[in-house]
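What follows is each chain in one-letter form.
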Amino acid sequence: MLEMGLGRLRDLDTAAEAQVTLTAVTGSRWSCGGIAWSYEGGTLSTDAELTIWGIDTTASTNVMFSVDINDDGAGFIIPAEPFKFPPGMTIIFELASGGAAVVGKLNVLGTKLL
């Protein structure tokens, strides 16, 4: 993972998912100002999606957000107010594989520990 200012970037190899993980910190919670992604290089799979997972202190995994991605190229989500996640949770942002010969990039923007 390459940290870029307050954002985090993960460049994915072809036919693999990309993940950015914000590791839990006791007594604190993560927030992020947006998410940006892109796919290029081949025919986009029908399974392309962006998912945010939360893992709590009992190791229970919850889908917190999920959206299908139907077009190659760039896309983004910039909420009116930053996403704020529950205290003590590890947050995983996952960009699903775009398919054979497709390269994707995932950027988590404006991450802060509150």
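Residues numbered from 1 in each chain as written. Predicted model: local features only at pLDDT ≥ 70, side-chain atom pairs only at ≥ 80, totals over all residues. Heavy atoms only, no water.

Visitor: Could you clarify how one ought to interpret the overall build of the protein in this entry?
Guide: The helix and strand inventory of the protein stands at zero helices and twelve strands. Relative to its full complement of 114 residues, the protein shows a buried share of 39%. The contacts in the protein between residues at least 6 apart in sequence include a share of 76% that link residues at least 24 apart. (Helix = DSSP H or I, 4+ residues; strand = E, 2+ residues; numbered from the N terminus. Buried < 20%, exposed > 50% of the residue type's maximum accessible area, 1.4 Å probe, protein only. Contact = heavy atoms within 4.5 Å.)

Visitor: How do you make sense of the side chain of S31 when you look at a structure like this?
Guide: In this structure, S31 sits in strand β4 (residues 30-32). Looking at S31, the relative accessible area reads 4%, which means it is buried.

Visitor: How should a nonpolar patch on the surface be read in this particular structure?
Guide: Residues F76, I78 and L109 make up a contiguous nonpolar surface patch of about 310 Å² in total accessible area. Within the secondary structure, F76 sits in strand β8 (residues 73-77). A relative accessible area of 61% places F76 in the exposed class. (Patch = residues over 30% accessible without salt bridge, like charges linked within 9 Å, V, L, I, M, F, W, Y side chains within 5 Å. Areas by Shrake-Rupley, 256 points an atom, 1.4 Å probe, with all protein chains shown as cover. Salt bridge = Lys/Arg side-chain N within 4 Å of Asp/Glu carboxyl O.)

Visitor: When you look at the environment of A18 in this model, what are you seeing that I'm missing?
Guide: Along the chain, the position of A18 falls in strand β3 (residues 18-22). Using a relative accessible area of 0% as the deciding quantity, one classes A18 as buried.

Visitor: Where do I start with the pairing of strand β7 (residues 61-68) in this structure?
Guide: The side chains of a regular strand alternate, residue by residue, between the two faces of the sheet. Pairing of strand β6 (residues 49-55) with β7, which is carried by seven bridges, proceeds in the antiparallel orientation. Residue pairing for β7: E49 is matched across the bridge by D68. Taken together, β6 and the strand that follows it, β7, pair antiparallel across an intervening segment of five residues, in which A59 is found at a positive phi of about 70°. (Pairing = 2+ DSSP bridges.)

Visitor: Help me understand the nonpolar core in this model?
Guide: The tendency in soluble globular proteins is for nonpolar side chains to be buried as a group. Counting 24 residues, the largest nonpolar core has I35, Y39, I69, F85, I91, F93 and L106 as the members making the most contacts within it. Among the secondary structure elements, those contributing two or more residues to this core are β3, β4, β5 (34-40), β6, β10 (90-95) and β11 (103-109). (Core = buried A, V, L, I, M, F, W, Y, C linked by side-chain atoms within 4.5 Å.)

Visitor: Please clarify how the sheet that holds strand β9 (residues 83-84) should be interpreted in this entry.
Guide: One open sheet holds the three strands; their spatial order is β9-β4-β12, and the pairing between them is antiparallel. Two strands bound the open sheet, and with one partner strand each, they are β9 and β12 (112-113). As defined by bridge partners, β4 adjoins β12 across two bridges and the pair is classed as antiparallel. Looking at β12, one finds that S31 is bridged to K112.

Any functional reading would require information that these geometric values do not contain.
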